[in-house]
Amino acid sequence: QRLPVFVAVASLGILAAFSTPGVVTIGQTIATNSAPADADSRVVFLELRDSIAHSRVVLDDLRMSGSLWMYNDYGVEPLFGNSPYLGGASTSWKERLWLRSNLDAVASDECVAAMLAKYNVGFIYVDSPKIWDAVPQYTEAILLAHPEFTLVANSGGASVYSVDVDRGVTCDRDVTVGIVW
């Protein structure tokens, strides 16, 4: 008989502790200051949702900026979702990995434009690295160097570029050769 009373009292104590203003404030501070996606990221995603990304996919640098959760929250379609198990990557996943790493070749390699078209990529999101072990596969400097990519939204360190490539080109080789996942 003592166990149900103890559980009820302990539950009330835990509930009271977590509903105190100090704990709520700490939780909000952590979410505001330590979350990988910051206020600049959210501003750019609002712009994607409200003005830009209708019926086009957004390429990002996978898990580099911590922005993956925002796609669902803002109704923007990402090129990457949750990654497959190691060793279980489809050809599609490997093509998308290749594309992300080869944006700098957009002017010299038709396969870049072909993959952008195949996956209906209309925008590229770039943000500063926010995940501790993140290694960028492309940079804002790469996007700025090519007229195929045009800055359309920016807030602090977060930016979105539109993609303008010939969507009729084809890729005549397997770009997944050598990609291990």
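Look a little higher up for the structure.
Values in this document were obtained by computation on a predicted structure and should not be read as measured data. (Residues numbered from 1 in each chain as written. Predicted model: local features only at pLDDT ≥ 70, side-chain atom pairs only at ≥ 80, totals over all residues. Heavy atoms only, no water.)

1. Quick word on the sheet that holds strand β4 (residues 158–163)
Read from one edge of the open sheet, four strands run β1-β2-β4-β3, paired in mixed fashion. Edge positions in the sheet fall to β1 (57–59) and β3 (149–155), since each of these pairs with one other strand and no more. Each strand of the sheet is rotated relative to its neighbour by a mean of 30°, with strand direction disregarded. Of the strand pairs in this sheet, β3 and β4 are connected by six bridges, and their pairing is antiparallel. (Pairing = 2+ DSSP bridges. Helix = DSSP H or I, 4+ residues; strand = E, 2+ residues; numbered from the N terminus. Axes fitted to C-alpha atoms, helices over the stretch in contact; angles between N-to-C directions.)

2. Focus on the packing of aromatic side chains
Enumeration according to the criterion identifies three aromatic pairs in this entry. Aromatic pair Phe45 and Tyr125: ring centres 5.0 Å apart, planes at 65°, arrangement edge-to-face. Here Phe45 is found in helix α3 (residues 39–52), whereas its partner Tyr125 is found in strand β2 (residues 121–126), with 80 residues between them in sequence. When sorted by exposure, Phe45 lands in the same class as Tyr125, which is buried. Of the aromatic side chains, those joined through ring pairs into one cluster are Phe80, Trp93 and Trp181. Against the face of Tyr119 rests Arg96, its NZ or CZ located 5.9 Å from the ring centre. (Phe/Tyr/Trp six-rings, centres within 6.5 Å; stacked < 30°, edge-to-face > 60°. Buried < 20%, exposed > 50% of the residue type's maximum accessible area, 1.4 Å probe, protein only. Lys NZ or Arg CZ within 6 Å of the ring centre and 35° of its normal.)

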